[in-house]
Amino acid sequence: MKRLIMITALGGMLLMCSCEDNTVGNIEFSETSETSSAITETIPDNSEATEIHTQSVTEKVSDTETETITITITTISSLSTTTEALQTETTTLQTTQTSSQTMETFTEPADKSFEIDENGAVIMEVQDETDDSELISAGQILYEKACETDFRYHVGCPYNLDYNTYIENQYGWPYYLVTNEGYTSIADVEKDYYKIFAEERGNDLSEIYMEQDGRVYALDGARGANIFYESSEVTGIIEKTDNKIVFSVDNHYTGDDRDPEASVTETEQFSVIIHDGEWRVAEFYLPY
């Protein structure tokens with residue numbers, strides 16, 4: 001907000017039969033609100049004066065706040081019965097105050113044409129008139145959820161484990177007991193996995209989980225993520241039918257083992273299969 005305030009104060013003092021100088025002193029400016037201002041003039045007690053005080057205010061609104069105050073003080077001094085001198089002093093005080101307030105613009109998000117279920121999967125009916133940008137937005141969300149889910153199942157384990165109770169595979173690798181209630185087989189684990197991924201895609205969970213005597217065990221393998229991975233962006237649609245969409249995805253890396261400081265972008269395909277408006281991930285490659 002910009003305010004332009006012009007204040008002119010004329011003070012005239014007629015001093016009769018006096019040879020002493022009389023001046024106007026202690027001029028104060030104070031702003032008591034956004035739209036008001038005041039000038040207080042204090043006249044010495046031993047002066048006889050007639051005070052004329054006028055004030056005009058003009059406001060202008062803009063992005064910044066500017067205050068310009070012009071004060072004109074006219075005094076008549078050193079008067080006698082035979083001589084008259086006029087001394088005019090004009091003082092201009094200009095202060096500019098710019099407020100560096102950040103003007104935040106809040107844009108109401110457009111209503112999404114899709115929903116996200118409690119597991120993080122997309123629910124969306126694809127119509128002929130559905131805009132590609134809406135499909136890409138939905139694909140971005142599901143792609144990120146697929147990355148998170150695949151990493152949790154293949155690196156570490158999403159379930160609670162008893163590390164004191166385990167079985168071993170043919171290579172002597174330990175598989176630890178899953179203690180979550182209701183998990184007694186690999187099929188129980190697959191039900192969770194297929195909340196994001198399509199059953200048509202299949203899975204390799206039998207390499208990571210084992211079942212024995214009505215109980216299920218997890219390998220709980222661990223590895224680090226790709227340290228060069230930066231982000232992924234669903235960039236376009238390669239193919240679209242009533243029950244399948246194939247997207248292109250750009251995976252961005254800050255470098256690689258050969259050149260750690262040279263940015264790299266790898267483009268992959270990512271697809272979803274749609275049943276009754278429920279999207280599940282089919283073709284997928286974990287970028288990290």
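Residues numbered from 1 in each chain as written. Predicted model: local features only at pLDDT ≥ 70, side-chain atom pairs only at ≥ 80, totals over all residues. Heavy atoms only, no water.

## Some words on the overall build of the protein chain
A tally of regular secondary structure across the protein chain gives two helices and 14 strands. Restricting to contacts in the protein chain with at least 6 residues of sequence separation, those with at least 24 account for 61%. Accessible area of the protein chain: about 18000 Å², with a carbon and sulfur share of 46%. (Helix = DSSP H or I, 4+ residues; strand = E, 2+ residues; numbered from the N terminus. Contact = heavy atoms within 4.5 Å. Areas by Shrake-Rupley, 256 points an atom, 1.4 Å probe, with all protein chains shown as cover.)

## Remarks on helix α1 (residues 132-154)
Between the first and last C-alpha of α1 there are 32 Å, a value that for 23 residues agrees with the 33 Å anticipated at 1.5 Å per step. All of the buried residues in α1 are Leu 135, Ala 138, Gly 139, Gln 140, Leu 142, Tyr 143, Ala 146, Cys 147, Thr 149, Asp 150 and Tyr 153. Where α1 ends, the next residue or the one after it, Gly 156, has phi of about 90°, a positive value. (Expected span 1.5 Å × (residues − 1). Buried < 20%, exposed > 50% of the residue type's maximum accessible area, 1.4 Å probe, protein only.)

## Some remarks on the sheet that holds strand β9 (residues 209-212)
Strand pairing in a sheet is mediated by backbone hydrogen bonds. Such pairs are either parallel or antiparallel. Reading across from one edge, β7-β8-β10-β9 is the order of the four strands in this open sheet, with antiparallel pairing throughout. Of all the strands in the sheet, just β7 (161-168) and β9 have a single pairing partner and so form its edges. If you compare each strand with its neighbour and ignore which way they point, the axes differ by 40° on average. Pairing of strand β8 (residues 174-178) with strand β10 (residues 215-218), which is carried by two bridges, proceeds in the antiparallel orientation. Counterpart to Leu 177 in the pairing with β10 is Tyr 217. Sheet strands touched by helix α2 (residues 186-193): β9 and β10. Its angle to β9, the strand with the most contacts, is close to 145°. (Pairing = 2+ DSSP bridges. Axes fitted to C-alpha atoms, helices over the stretch in contact; angles between N-to-C directions.)

## Some words on unusual backbone geometry
The phi angle at Asp 213 is positive, at roughly 55°, despite the residue not being glycine. Unlike most non-glycine residues, Asp 276 shows phi in positive territory, near 55°. One can find Asp 276 in the loop between β13 (264-275) and β14 (278-281).

## Looking at the environment of Val 264
Relative to the assigned elements, Val 264 resides in strand β13. Note: C-alpha distance between Val 264 and Thr 254 (10 residues apart in sequence) is 6.2 Å. Not counting residues within four places of it along the chain, the set of residues in contact with Val 264 comprises Asn 251, His 252, Tyr 253, Gly 255 and Asp 256.

## Some remarks on the packing of aromatic side chains
The description of an aromatic ring pair rests on the distance of the ring centres and on the angle between the ring planes. Taken as a whole and assessed by the stated rule, the structure comprises 18 aromatic pairs. The interplanar angle of 15° and the centroid separation of 4.6 Å between the aromatic rings of Tyr 193 and Phe 197 together place this pair among those described as stacked. Each of the two residues, Tyr 193 as well as Phe 197, counts as buried. A network of ring pairs unites the aromatic residues Tyr 143, Tyr 153, Tyr 159, Tyr 183, Tyr 193, Tyr 194, Phe 197, Tyr 209, Phe 247, Phe 270, Trp 279 and Phe 284 as a single cluster. (Phe/Tyr/Trp six-rings, centres within 6.5 Å; stacked < 30°, edge-to-face > 60°.)

## Side note on the environment of Thr 254
Following the sequence through the fold, Thr 254 ends up in the loop between β12 (244-253) and β13. On the basis of relative accessible area, Thr 254 is assigned to the partly exposed category, the value being 34%. Note: C-alpha distance between Thr 254 and Glu 230 (24 residues apart in sequence) is 6.4 Å. If sequence neighbours within four positions are ignored, Thr 254 has contacts with Phe 228, Glu 230, Pro 260, Glu 261, Ala 262 and Ser 263.

## What to know about the confidence of the model for the protein chain
With 61% of its residues at a pLDDT of 70 or more, the protein chain has an overall mean of 72. Predicted confidence for residues 1-110 stays below pLDDT 50, and this span has 163 contacts to residues more than four positions away or in other chains. (pLDDT = per-residue confidence, 0-100.)

## Looking at the packing of α1 against α2
Packing of α1 against α2 brings their axes to within 11 Å, and their N-to-C directions diverge by 160°. Comparing the axis directions of α1 and α2 gives the class roughly antiparallel. The handedness of the crossing between α1 and α2 comes out as right-handed. Along its contact with α1, which presents Asp 150, Tyr 153 and His 154, the element α2 presents Val 189, Asp 192 and Tyr 193. (Parallel < 35°, antiparallel > 145°, perpendicular 65-115°, else oblique. Left-handed = near helix turned anticlockwise from the far one by under 90°.)

## Quick look at the pairing of strand β11 (residues 229-240)
Bridge analysis of β11 against β12 gives nine bridges, and the strand direction is antiparallel. Bridge pairing in β12 links Lys 240 to Ile 245. Here β11 folds back onto β12 in antiparallel fashion, the turn holding three residues.

## Section: the nonpolar core
Generally speaking, nonpolar side chains in soluble globular proteins are found buried as a group. Membership of the largest hydrophobic core comes to 38 residues, with the highest contact counts inside it found for Leu 142, Tyr 209, Phe 270, Trp 279 and Phe 284. When residues of this core are traced back to their parent elements, those giving at least two are α1, β8, α2, β10, β12, β13 and β14. The element that contributes the greatest number of residues to this core is α1, accounting for seven residues. Those residues within four positions of Leu 142 in sequence are excluded, and the remaining contacts are Gly 120, Ala 121, Val 122, Ile 196, Phe 270, Val 272, Trp 279, Arg 280 and Val 281. (Core = buried A, V, L, I, M, F, W, Y, C linked by side-chain atoms within 4.5 Å.)

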